[in-house]
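Breakdown of the fold
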Amino acid sequence: MVVEIIEYTSAGEIAETLDKKVSETKSTLGEYLRRLDDIRALAEKSKKIREVVMKLAGKKASSESLGEITIGHLNIVLDASPFHELTAIEAVVRSHQERLLVLQKAREALKWLDQLGDTEGLNYLVVESEGVPERILFKLS
């Protein structure tokens, strides 16, 4: 987790930054959802073909993770199937959905800042965790 302190010169600047992050996250999420739909269809076709072949061969589908190795905390999949890709994209989609929700809640919580308008000589030190404001320090300059 990355924690940073970012200095803003106005409440509007904080709001604009959050709005931009929300917009970027929505855009990225939309791209991943489109990819998810595509790979889901491919994974279903692959599953059907695999089931038919295994049935014709008289074998049971194995759930072993052949071709997967772990090095430290890194999981490496050799010869990735559509199912591997589907699982990966689903995890990314969930992550972006959670980030979007957190950003939207943060923006909603900061609505009161919009009422401050421009305040001469006041800077805002914002403690952000993963780009989401957690604490705001008012600093007179």
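Residues numbered from 1 in each chain as written. Predicted model: local features only at pLDDT ≥ 70, side-chain atom pairs only at ≥ 80, totals over all residues. Heavy atoms only, no water.

Before going further, it helps to spend a moment on the overall build of the protein chain. Across its full length, the protein chain carries two helices and five strands. For the protein chain, the spread of C-alpha atoms along the principal axes amounts to about 80 × 30 × 20 Å. Looking at the protein chain residue by residue over its 141 residues, the buried ones come to 26%. In the protein chain, of all internal contacts separated by at least 6 residues, the share reaching a separation of at least 24 is 68%. As presented, the protein chain carries roughly 10,200 Å² of accessible surface, and 55% of it is formed by carbon and sulfur atoms. Side chains of the protein chain give 20 positive and 24 negative charges; the mean places of these two sets differ by 9 Å. (Helix = DSSP H or I, 4+ residues; strand = E, 2+ residues; numbered from the N terminus. Buried < 20%, exposed > 50% of the residue type's maximum accessible area, 1.4 Å probe, protein only. Contact = heavy atoms within 4.5 Å. Areas by Shrake-Rupley, 256 points an atom, 1.4 Å probe, with all protein chains shown as cover. Lys, Arg positive; Asp, Glu negative; His and termini not counted. Charge placed at Lys NZ, Arg CZ, Asp CG, Glu CD.)

Turning next to the environment of Ile6. As for its placement among the helices and strands, Ile6 is situated in strand 1 (residues 3-8). C-alpha separation for the pair Ile6 and Asn123, spaced 117 residues apart in sequence, amounts to 10 Å. When sequence neighbours within four positions are dropped, the list of residues in contact with Ile6 reads Tyr124, Leu125, Val126 and Glu128.

Moving on, we come to helix 1 (residues 11-57). Between its first and last C-alpha, helix 1 extends 67 Å over 47 residues, near the 69 Å set by a 1.5 Å rise per residue. At the exit of helix 1 stands Gly58, carrying a positive phi of roughly 70°. (Expected span 1.5 Å × (residues − 1).)

For the rest of this paragraph, the subject is the confidence of the model for the protein chain. Overall, the predicted model of the protein chain reaches an average pLDDT of 86, with 94% of residues at or above 70. Ranking the helices and strands of the protein chain by mean pLDDT puts strand 1 first, with 94, and strand 2 (residues 68-71) last, with 79. (pLDDT = per-residue confidence, 0-100.)

Relative to strand 3 (residues 74-77), strand 2 is paired through four bridges, and the arrangement is antiparallel. Counterpart to Thr70 in the pairing with strand 3 is Asn75. Remark: two residues form the turn of the hairpin made by strand 2 and strand 3, two consecutive strands paired antiparallel; Gly72 in that turn has positive phi of roughly 65°. (Pairing = 2+ DSSP bridges.)

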